[in-house]
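Structure at a glance
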Amino acid sequence: MLTNLHVKNFAIIDEVDVDFGEHLNILTGETGAGKSILIGSLNIALGGRVSPEMIGRRGDSATVEAVFHVNDEGTLRAIRELDVEPEDGEIVISRKISEGRSVNKVNGESVSAGVIRQVASLCIDIHGQNENQSLIRPARQRDIVDRFGGGEVLIPLQEVADIFHEYASVKREMEEDSLSDEELARKIDYLNFEKNEIESANLSKEEMESIESEYRIAANAGTVVDVLSTVYNDGTRTAGDSISRVLPELKRAAELNPKLAEYESELLQVESLLGDFNRELSGFMQDYAFDESRLRELEQRLDVIRGLQSKYGETYEDIMAHHDEVEEKLGHYADYEKFRKERQNQFDRLVVEMADKSRTLTNLRIQAAEKLKEEITKALQELNFAHVEFEIQINRSEHFSEHGVDEIEFLIATNPGEEVRPLAKIASGGELSRIMLAIKSVFADSDEIETLIFDEIDAGISGRTAQMVSEKMNTIARHHQVICITHLAQIAAMADTHFAIEKEVGADASETKIRELSHEESLEELARLLGGAQITDAVRENAREMKEMAEGLKKAE
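Remember, predicted model here, so these are calculated numbers, not experimental data. (Residues numbered from 1 in each chain as written. Predicted model: local features only at pLDDT ≥ 70, side-chain atom pairs only at ≥ 80, totals over all residues. Heavy atoms only, no water.)

Bringing the environment of A201 into the picture now. Mapped onto the elements, A201 comes out in helix α7 (residues 181–201). The sequence separation of A201 and L308 amounts to 107 residues, and the corresponding C-alpha distance is 8.8 Å. Among all residues touching A201, those that are not within four sequence positions of it are R301, V304 and L308. (Helix = DSSP H or I, 4+ residues; strand = E, 2+ residues; numbered from the N terminus. Contact = heavy atoms within 4.5 Å.)

Taken in spatial order, the six strands line up as β2-β1-β4-β5-β6-β7 in an open sheet, and their pairing is antiparallel. Two strands bound the open sheet, and with one partner strand each, they are β2 (13–19) and β7 (109–110). In this sheet, β7 lies alongside strand β6 (residues 101–106) in antiparallel orientation, the contact comprising two bridges. Bridge assignment links K105 to a residue of β7, and that residue is S110. Against the sheet, helix α1 (residues 35–45) touches β1 (2–10), β2, β4 (61–69) and β5 (90–98), its axis set at about 105° to β1. (Pairing = 2+ DSSP bridges. Axes fitted to C-alpha atoms, helices over the stretch in contact; angles between N-to-C directions.)

This part covers a negative patch on the surface. On the surface, a cluster of negative charge is made up of E15, D17, D19 and E516. Sorting elements by how many residues they give to the negative patch places β2 first, with three residues. Relative to the assigned elements, E15 resides in strand β2. (Patch = residues over 30% accessible without salt bridge, like charges linked within 9 Å, V, L, I, M, F, W, Y side chains within 5 Å. Areas by Shrake-Rupley, 256 points an atom, 1.4 Å probe, with all protein chains shown as cover. Salt bridge = Lys/Arg side-chain N within 4 Å of Asp/Glu carboxyl O. Lys, Arg positive; Asp, Glu negative; His and termini not counted. Charge placed at Lys NZ, Arg CZ, Asp CG, Glu CD.)

Let's shift gears to helix α12 (residues 316–334). Spanning 19 residues, α12 covers 27 Å between terminal C-alpha atoms, matching the ideal 27 Å at 1.5 Å per step. Those residues of α12 lying buried are I319, H323, V326, L330 and Y333. Each buried residue of α12 sits inside an arc of 90° when the element is viewed along its axis, so together they form one side. (Expected span 1.5 Å × (residues − 1). Buried < 20%, exposed > 50% of the residue type's maximum accessible area, 1.4 Å probe, protein only. Arc of directions from axis to C-beta.)

Here the focus is helix α5 (residues 138–149). Side chains three or four residues apart in an α-helix point the same way, a direct result of the helix having 3.6 residues per turn. Helix length check: α5, at 12 residues, gives a terminal C-alpha distance of 17 Å against a target of 16 Å (1.5 Å per residue), a fit within 8%. R140, Q141, R142, I144, V145, D146 and G149 are the residues of α5 that are buried.

So, about the nonpolar core. Grouped together as the largest cluster of nonpolar side chains are 67 residues, with contacts concentrated most on L380, F410, F454 and M473. When residues of this core are assigned to their parent elements, the largest contribution, 10 residues, is made by helix α13 (residues 336–382). Setting aside anything within four residues of it in sequence, one finds M473 in contact with L24, L437, F454, I457, V482 and C484. Of all hydrophobic cores here, the second largest spans 42 residues; its members include L27, L42, V106 and I514. (Core = buried A, V, L, I, M, F, W, Y, C linked by side-chain atoms within 4.5 Å.)

Take the sheet that holds strand β8 (residues 124–127) next. The strand order across the open sheet formed by six strands is β8-β12-β13-β3-β14-β15, and the pairing between neighbours is mixed. Unpaired on one side and paired on the other, β8 and β15 (510–516) mark the two borders of the sheet. Going across the sheet, the axis of each strand differs from the next one's by a mean of 15°, ignoring polarity. Judged from the seven bridges that link them, strand β14 (residues 497–505) and β15 form a sheet pairing that is antiparallel. Note on β15: the bridge partner recorded for I501 is I514.

Laid out in structure tokens, this is it:
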């Protein structure tokens, strides 16, 4: 669950720190108070696109941080597979936005925004108008059916995907290797050229690892000789001459003052060390030879190696792997007709296997879709769709895909006498919100994502429908943490934890704040939602009654 959200210097939010509770968290506020900005900041924390324009007026950076506590073992395993280690089940996602860049961290370790999105997708699910609109896409509808089918569908779906990838690979290879006699001859010639080029180079791993270093030493031999000559002639010899001149003087002084004998001894050691150094340096210079022919030989060898690297890969292993691949292809082309026939037989086998597995998957989807249809229809009726017909249509595609051969589409009719039609052609934004809520309620018991956020779930509804939506939200909140932004009192009354989002208007700027409401403050906020500008005692009493009804409903469950 999302335990804490901290936002600093984001848009008109100077700084807010919110501790969310379990079950149903409700956020309400006046229009323009900053509800959308708060959700926007959370989207940024979860890996959304960042822009320097989001930085507020206090400083040159904005910070958003979301803290999750994860209990589900499957979710924890999936997070660890992303190389993120939860600390006692806790995940801290933070992003710092500054001019031109952002710093992304999970549990203090720097990661990419992509990793943040992957981790966040395992912890939280945000539903707003964009998510609801995705419901009209057939691919999304197919995913919903597959998820509802659980392992009975998902396991054969993975088998179909594995076969399809092999099928697609063989098909692509067949298309690439469909050659005329002339094309085949050209291809064999080219492959032989590559094979001979690699073999004639007579590469070794050791040479490839050492030749660059040897070349640099040979290429810089002249410079090294010049530097050593300067050191020998202008440095150490001059220093040695100077020491030789002053040593007799220091010895005479030491005879006059015994305390100087220690300094004489030290200078003698320096002279000895310098003499040893000069002899070793002189010996090195005499043995150090510049071999111009060896340099040319190294240059030519490097040209060969770099040419192979540019064609076949940077490392010795890459080049030899290409050589092995070429040999394998030449083996195939040596008896091209036999090779083509074996490939065709392999392809035909995969087509039969793909068709068989897809047929099994289709039958399992039909069974899952029938049960899902009943569950969603029941949930829609509970959401005040007075008359609703909901169908899940499964049609066969002409082509294989990693999802099998099924095209799935949700159909609905919300008025008596209407024919069912695709969601995209009939459902309004408010209806899509309720349909998505119905689907979420169906998955409430099995959904591993612990936190659900609903933004604008109450679009286009009021009255009895709003009451039924609030009851459905409460049902989902029994199994999940739910965070909902709403402007309807019926939904807000169901809150287990109620927050108010408020905008304070100052002389120079406005600032958004958020605070948790006490029971009495929550009643006053409900009254505001019910009564608008005029909040009378009758409105307050209505708010209290609405809250008591909501609490009674929760106790009865």
